[in-house]
There are 2 protein chains.
Amino acid sequence: MSKGAIDFYFEFSSPFGYLASELIETVANRHAVEINWQPFLLGAVFKVTGGSPLVNKPLKGDYSQRDMRRSARLHGIPFNWPEKFPVFPVPSCRAVYWTKANHPEKTADLVHALYRGAWGTGRSVWETGTVIDIAEETGIDRNEVEAGIGDPAIKESLKTATDEAIERGVFGSPFFIYRDEPFWGVDRLDHLDKWIATGGW
Amino acid sequence: MSKGAIDFYFEFSSPFGYLASELIETVANRHAVEINWQPFLLGAVFKVTGGSPLVNKPLKGDYSQRDMRRSARLHGIPFNWPEKFPVFPVPSCRAVYWTKANHPEKTADLVHALYRGAWGTGRSVWETGTVIDIAEETGIDRNEVEAGIGDPAIKESLKTATDEAIERGVFGSPFFIYRDEPFWGVDRLDHLDKWIATGGW
């Protein structure tokens, strides 16, 4: 029987989503499961849940900044706060959904390039032009991806993915669902790992 | 040089605080550091931070219930939701501060007995009489602890501890501070563990 896939929900503005994107393949590869890369819009989720960005919260915001940098250092992941925050994620998300539909084998590379651009190397990923540059750097034709970002069907894919995330109970980023079992937060990758290995407990 | 102590801030109404109380000694003992047990009132913190109990939040509340039970099962910790929630934590906290001042060697046992009563075995720890029973079961004189719970100096100790927690940036439970380095959440015990081992990174 196939071991299935991890549905990996993430928002490009989410620093912990970025850290998860750098760590999830180790877990997936260990168990030979696929990753279904599902960027979504956390703003739409917050409208439903009344949530707000972590870094804006009193006390918790300061701590979370320290914690995410400390977590990045622990794993040796380059981490630099973007010049503009929140990172406007729409062009990145659309580029990913277009790539999933047209060049699925390049999806992981594109997600990594976009996330590293946003949180590692200071690229202005909130601009569509930069997203297209980054897509081109991962071997995707820039004219095709530009058309894809503007395609109404791709816009709809992002909306559908976000609605589906809310329906499935996704309230934050990163969020993982494996065979209907939900895991929230990069610090739950260890539970996800054990869950896949054991079939649950 | 002494390796110092982990300041362990927790609220008796906090299920993740309970899980942390069952796991922290493994970390502390591995490095021969002390634990400074610091119960506090999360309600007073929420007044400052605008926070609210996790389990009341849309989507996040349902997930957190599932996550805490799953975490308890993973570690083999008995877990049962208290009949009354939030658990009114004041008598438990005062009993702990009185014990710290008068029988410090019994502090850890009392914390465990109260937390297990609340989250494991269904005791009505929101009642002062039950707290006194539990204290007696851990070898503390019931008349002495009853007087201690009503002592104005002990009431003040709890207030001071809660104020100090807020000053130190404690915004949730469990929260650990080791040599001014803050760690929030039972899922940060692994970082705390590495931090003590390595001196930080």
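About the thresholds
Residues numbered from 1 in each chain as written. Chains lettered and ligands numbered in written order. Predicted model: local features only at pLDDT ≥ 70, side-chain atom pairs only at ≥ 80, totals over all residues. Least-squares fit on C-alpha atoms with pLDDT ≥ 70 in both. Contact = placed C-beta atoms within 7 Å. Helix = DSSP H or I, 4+ residues; strand = E, 2+ residues; numbered from the N terminus. Nonpolar A, V, L, I, M, F, W, Y, C, P; charged D, E, K, R; others polar. Pairing = 2+ DSSP bridges. Axes fitted to C-alpha atoms, helices over the stretch in contact; angles between N-to-C directions. Expected span 1.5 Å × (residues − 1). Buried ≥ 20, exposed ≤ 12 C-beta atoms within 10 Å, placed from the backbone. Parallel < 35°, antiparallel > 145°, perpendicular 65-115°, else oblique. Left-handed = near helix turned anticlockwise from the far one by under 90°. Arc of directions from axis to C-beta. pLDDT = per-residue confidence, 0-100.

Superposing the two chain copies requires a rotation about an axis and a translation along that axis. Superposing chain A onto chain B requires a rotation of 180 degrees together with a translation of 0.0 Å along the rotation axis, leaving an RMSD of 0.0 Å. On the angle and the small slide along the axis, the relation comes out as a two-fold axis. Taking C-alpha positions as the reference, the residue of chain A nearest the rotation axis is Asp187(A), at 3.2 Å. When the interface residues of chain A are mapped onto chain B, 95% of them are again interface residues, pointing to one common binding face.

Contacts between chain A and chain B engage 19 residues on the former and 18 residues on the latter. Only α2 (42–49), α3 (60–75) and β4 (181–184) of chain A provide two or more residues apiece to the side of chain A that touches chain B. Here the side of chain A that touches chain B gets 6 residues from one element, more than from any other, and that element is α3(A). Class assignment for the residues of the side of chain A that touches chain B results in 9 nonpolar, 4 polar and 6 charged.

This part is about the sheet that holds β4(A). Residues and elements named next belong to chain A. Ordered by their spatial adjacency, 4 strands build an open sheet running β2-β1-β3-β4, and the pairing between neighbours is mixed. Taken across any chain shown, the strands that pair with only one partner, and hence form the sheet edges, are β2 (34–39) and β4. Geometrically, the sheet is characterised by an average inter-axis angle of 20 degrees between neighbouring strands, direction not taken into account. Lying on the sheet, helix α1 (residues 15–31) is in contact with β1 (5–10) and β2; it crosses β1 at an angle near 175 degrees.

What follows deals with α1(A). Residue and element names in this part refer to chain A. Taking 1.5 Å of rise per residue, 17 residues should cover 24 Å, and α1 covers 25 Å from first to last C-alpha, within 8% of that figure. Of the positions making up α1, those classed as buried are Pro15, Phe16, Gly17, Tyr18, Leu19, Ala20, Ser21, Glu22, Ile24, Val27 and Ala28. Along its buried surface, α1 packs onto β1, β2, α3, α5 (107–119) and α9 (189–198). Downstream of α1 by one or two residues, Ala32 has phi in the positive range, about 55 degrees.

Strands belonging to one sheet form pairs held by backbone hydrogen bonds; the direction of such a pair is parallel or antiparallel. All names here are of chain B. The strand order across the open sheet built from 4 strands is β2-β1-β3-β4, with neighbouring strands paired in mixed fashion. Only two strands of the sheet have a single partner each, and these edge strands are β2 (34–39) and β4 (181–184). When the angles between neighbouring strand axes are averaged without regard to direction, this sheet yields 20 degrees. Examined bridge by bridge, strand β1 (residues 5–10) and β2 share 6 bridges and lie parallel to one another. Residue pairing in the sheet places Asp7 in a bridge with Asn36 of β2.

Attention now goes to the pairing of strand β3 (residues 175–178) of chain B. Residues and elements named next belong to chain B. Burial along β3 is two-sided: Phe175 and Ile177 and Phe176 and Tyr178, pointing in opposite directions, are all buried. With 4 bridges joining them, β1 and β3 adopt antiparallel strand pairing. Within the sheet, the bridge partner assigned to Tyr9 lies in β3 and is Phe175. Sheet analysis places β3 next to β4, joined by 4 bridges and oriented antiparallel. Bridging from a neighbouring strand, Ile177 pairs with Pro182 of β4. In this structure, the hairpin formed by β3 and β4 is closed by a connection of 2 residues, where Arg179 is found at a positive phi of approximately 50 degrees.

Quick look at the packing of helix α4 (residues 90–102) of chain A against helix α7 (residues 142–150) of chain A now. All names here are of chain A. Remark: α4 packs on α7, axes separated minimally by 8 Å, with the N-to-C direction vectors making an angle of 110 degrees. In this view, α4 runs roughly perpendicular relative to α7, as classed from their interaxial angle. Crossing hand, α4 versus α7: right-handed. Along the contact surface, α4 presents Pro91, Arg94, Ala95, Trp98 and Asn102, while α7 presents Val145, Gly148 and Ile149. A class-by-class count of the residues in the contact of α4 with α7 yields 5 nonpolar, 2 polar and 1 charged.

So, about helix α3 (residues 60–75) of chain B. With 16 residues, α3(B) should reach 22 Å at 1.5 Å per residue; the first-to-last C-alpha distance of 22 Å fits that figure. Those residues of α3(B) not exposed but buried are Tyr63(B), Asp67(B), Met68(B) and Ala72(B). The arc that holds the buried residues of α3(B), viewed along the axis, is 165 degrees, so those residues lie on one side. The inward-facing, buried residues of α3(B) contact β4 of chain A together with α1 (15–31) of chain B. Just downstream of α3(B), Gly76(B) is the residue with a positive phi angle, here 65 degrees.

All names here are of chain A. Relative to the helices and strands, Ala95 resides in helix α4. A residue is classified by how many C-beta atoms lie within 10 Å of it, and Ala95, with 28 of them, is buried. Through-space distance from the C-alpha of Ala95 to that of Lys155 is 9.8 Å; in sequence the pair is 60 residues apart. If sequence neighbours within four positions are ignored, Ala95 has contacts with Leu110, Val131, Ala135, Val145, Gly148 and Ile149.

Moving on: the confidence of the model for chain A. Here chain A shows a mean pLDDT of 95. Residues at 70 or above account for 99%. Under the prediction, the complex receives an ipTM of 0.92, its pTM being 0.94.

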